[in-house]
Amino acid sequence: MSHAAAGGVPPASSPAFLLMTLGGRIREEVEAGLKAEGISLRHLSALGHLGPNPGMSYSELARRARITPQSMQATLHALEQRGAVVRDTDPGRGRTAELHVTAEGQRLRRAAASVIAGVDERLRAQIGAESADALGGTLWTLLRAAIE
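To keep things clear, this report deals only with the structure shown in the data block. (Residues numbered from 1 in each chain as written. Predicted model: local features only at pLDDT ≥ 70, side-chain atom pairs only at ≥ 80, totals over all residues. Heavy atoms only, no water.)

**Observations regarding the overall build of the protein**
Next, step 1: Counting its secondary structure elements, the protein contains six helices and two strands.
Next, step 2: N-terminal to C-terminal, the α/β element order of the protein is α-α-α-α-β-β-α-α.
Next, step 3: Taking all 148 residues of the protein together, 22% fall into the buried category.
Next, step 4: Intrachain contacts of the protein at a sequence separation of at least 6 include 52% that bridge at least 24 residues. (Helix = DSSP H or I, 4+ residues; strand = E, 2+ residues; numbered from the N terminus. Buried < 20%, exposed > 50% of the residue type's maximum accessible area, 1.4 Å probe, protein only. Contact = heavy atoms within 4.5 Å.)

Put into C-alpha cells, the structure is as follows:
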C-alpha cells in the first residue's frame, strides 16, 4: 500500500530503517548530480579528505573513506588522470602519498557542494527551514555519537 493510499499516514517503522531508506535515495540523487561532472561520491570523499590533509597515506585516506587501500589507490589514480590531484613523490608500496588537490580538484569540490546544496534546498522546500535545521542538528548528534 502506498503512502497516499494509507491516507497520508506513514507506516510505523524504525528510525534506522527510515534513515537508511532516505539516505539511499539522497545518495542516488547526489550521485546523479556528480555524474554530470564525471565524478562519484568516492572521488568527492577522497578530495574532501585530501584537501585539508595533503601528504596523507593511501591507508589513512582509505580508512577515513571506509574503503580498502586498493580502492583508494584506484580512486586517486583516476583523480590524478583527471588533473584533480597531483603527486609530489614517486608511487611506492607503504609510502606516504604526497598528493595534493589541484585547482581542478577544488573546482570539482565546489561543483559537488552545489549539487548537495540543491538537494538541501529541495529538502527545505518540502519540510521548511526550521524542520530542516532541527533535522540537521539531530542527525549531527547521531553521527557524532556513532563516530565516538
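Still more ground to cover, so stick around.
**Overview of the layout of surface pockets**
Next, step 1: Of the voids in this model, the largest pocket is the one considered here, and its volume is about 1400 Å³.
Next, step 2: Around the largest pocket, the lining is made up of 33 residues, and of these Gly23, Ile26, Arg27, Val30 and Leu139 lie nearest the centre.
Next, step 3: Listed by contribution, the elements that provide at least two residues to the lining of the largest pocket are α1 (15–35), α2 (41–50), α3 (58–65), α5 (103–127) and α6 (129–147).
Next, step 4: Among the elements that make up the lining of the largest pocket, the one with the highest residue count is α1 (nine residues). (1 Å grid on protein atoms, 1.4 Å probe; cavity = no way out; pocket = protein on both sides within 12 Å on 5 of 7 lines; lining within 4 Å. Points joined across faces, edges and corners; volume = space filled by probe spheres on them.)

**Considering the nonpolar core**
Next, step 1: Ranked by size, the top nonpolar core spans 24 residues in total, and within it Leu34, Leu47, Leu50, Met72, Leu76 and Leu79 carry the most contacts.
Next, step 2: For this core, the leading source of residues is α2, giving five residues.
Next, step 3: Not counting residues within four places of it along the chain, the set of residues in contact with Met72 comprises Ala46, Tyr58, Leu61, Ala62, Ala65 and Ile67. (Core = buried A, V, L, I, M, F, W, Y, C linked by side-chain atoms within 4.5 Å.)

**Side note on α3**
Next, step 1: Listed in full, the buried residues belonging to α3 are Tyr58, Leu61 and Ala62. When α3 is viewed along its axis, its buried side chains cluster within an angular range of 100° and face the same direction.
Next, step 2: In this structure, the buried side of α3 is in contact with α2, α4 (69–82), β1 (85–87) and β2 (99–101).
Next, step 3: Immediately downstream of α3, the backbone of Arg66 shows phi near 65°, a positive value. (Arc of directions from axis to C-beta.)

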